[in-house]
Amino acid sequence: MKAAFISGHGGNEVVEVREHHLPERAPGEVRVRVQAATLNQVDLYMRNSGAGITHRLPQILGLDAAGVVDACDASDPLLRPGQEVVIHPGVACGRCEFCLHGDSALCTRIQFLGEHRDGTFAQWIQVPATQVFPKPAHLTFAEAAALGVNHLTAWRMLFSKARLQPWETVLVFGIGGGVSLAALQLARAIGARVFVTSRDDAKLERALAIGADHGINSQTQDVAKQAMALTGGRGVDVVFENTGAATWPSAMKSLVRGGRLVTCGATTGDQPGADLRRLFVRQLQIFGSSLGSYGEFHDMLGFVDRTSLRPLIDSTYALDDIHAALNQLESGAQFGKVALRIDGHDAHHE
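Only a predicted model underlies this, so the values are computations on that prediction, with no experimental measurement involved. (Residues numbered from 1 in each chain as written. Predicted model: local features only at pLDDT ≥ 70, side-chain atom pairs only at ≥ 80, totals over all residues. Heavy atoms only, no water.)

Novice: Please explain the overall build of the chain as it appears in this structure.
Specialist: Looking only at helices and strands, the chain has 10 helices and 18 strands in total. Burial statistics for the chain: of 350 residues in total, 53% are counted as buried. For the chain, restricting intrachain contacts to residue pairs at least 6 apart in sequence, the fraction spanning at least 24 positions comes to 70%. Treating the 32 positive side-chain charges of the chain as one cloud and the 36 negative ones as another, the clouds have centres 8 Å apart. (Helix = DSSP H or I, 4+ residues; strand = E, 2+ residues; numbered from the N terminus. Buried < 20%, exposed > 50% of the residue type's maximum accessible area, 1.4 Å probe, protein only. Contact = heavy atoms within 4.5 Å. Lys, Arg positive; Asp, Glu negative; His and termini not counted. Charge placed at Lys NZ, Arg CZ, Asp CG, Glu CD.)

Novice: Can you help me understand the pairing of strand E1 (residues 2-6) in this one?
Specialist: Counting buried positions over the five residues of E1 gives four, a clear majority of the element. One ladder, built from five bridges, connects E1 with strand E2 (residues 15-19); its direction is antiparallel. Within E2, the residue paired with Phe5 across the bridge is Glu16. (Pairing = 2+ DSSP bridges.)

Novice: Would you explain a nonpolar patch on the surface in this entry?
Specialist: Taken together, Leu276, Phe280 and Val281 make up a surface patch of nonpolar side chains, about 320 Å² in accessible area. Within the secondary structure, Phe280 sits in helix H8 (residues 276-281). We classify Phe280 as exposed; its relative accessible area is 58%. (Patch = residues over 30% accessible without salt bridge, like charges linked within 9 Å, V, L, I, M, F, W, Y side chains within 5 Å. Areas by Shrake-Rupley, 256 points an atom, 1.4 Å probe, with all protein chains shown as cover. Salt bridge = Lys/Arg side-chain N within 4 Å of Asp/Glu carboxyl O.)

Novice: Looking at this structure, how should I read the sheet that holds strand E16 (residues 285-288)?
Specialist: The strands making up a sheet associate through backbone hydrogen bonding, with each pair oriented either parallel or antiparallel. Read from one edge of the open sheet, six strands run E13-E12-E11-E14-E15-E16, paired in parallel fashion. The open sheet has two free edges, formed respectively by strand E13 (214-217) and E16, since each of these has just one partner strand. Between one strand axis and the next, the sheet turns by 20 degrees as a mean value, whatever way the strands run. Taken together, the four bridges between strand E15 (residues 255-263) and E16 define a ladder with parallel strand orientation. By the bridge assignment, Val262 is partnered in E16 with Phe287. (Axes fitted to C-alpha atoms, helices over the stretch in contact; angles between N-to-C directions.)

Novice: Hey, could you run me through helix H10 (residues 322-331) in this one?
Specialist: Taken residue by residue, H10 has Ile322, Ala325, Leu326, Gln328 and Leu329 as its buried positions. Angular distribution of buried residues about the axis of H10 spans 155 degrees; they occupy a single face of the element. As for H10, its buried residues are in contact with E1, E2, helix H1 (41-48), strand E17 (313-318) and strand E18 (337-341). Downstream of H10 by a residue or two, Gly332 has a phi angle that is positive, lying close to 75 degrees. (Arc of directions from axis to C-beta.)

Fair warning: the whole summary comes from geometry, so function is off the table for now.
Rendered as structure tokens:
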């Protein structure tokens, strides 16, 4: 089989598509013929640095994927050969206190595909059956793959952590990126009011076209002042933040008294001013979040199925064009997910 390997760190030259031997399937594992995968920021991080992530080189990149079951245990109650499935990106231990309490996202020994072990940018992958879920029938394989990181992350942030309600208002920073678009889609699907920010007016226009209530240009407008103006001086109930230091002051100032801020990233820096006085005087709540549990993935897939939600795909590349796909993600020009077609057939940039 072909797979996209990383053999070092520091640029595109360390990523190579080559043949790879798939080991024999172990009991309890599912072998999936991967049809599509999508790129995430961590793929760029692994290519460029990988610092702080325990891994061995060479290693196959990729966190999320969708495909078709090729083989599984005959006794598996949910899966069968030929079934279309989507893969959860994390291999939890199943034995630590957090796994035993049902929150695999907090597993003390969790291993992420494409980070700590071979990932999804390959024609075949074998993972524990607990990671494999039926694919919503209305989605393409690329759309289904996109759910594995972005929509799962946004689901946990909005509903498990911040507990967003249909009558509330949420401010989503950095619209255009996958997790922010997922937040917009999920929040709108329950009826919440959604404000979005971007430095790009074209992205704001596209966000408005798919359901955002208001767009704020963070380069030319004061985000907090705009959020206050749009809420009659009240502030938003929830801030969805994933960039860190550059947006933190605006995020804190945009919240209503007792409001909730939930964050999953720090791409612009991880040491913002704490603004402690505002935090305790206005009784704000701050939540950190990362990915989501198997149970949350199950619930989110059911929600997507019932609401017919479709993740946005920016562009699709063949596996052999992995460098172009990584460059598109790195450019920041995308609106939605950058996808890879990994089905063994010819593919082209769409």
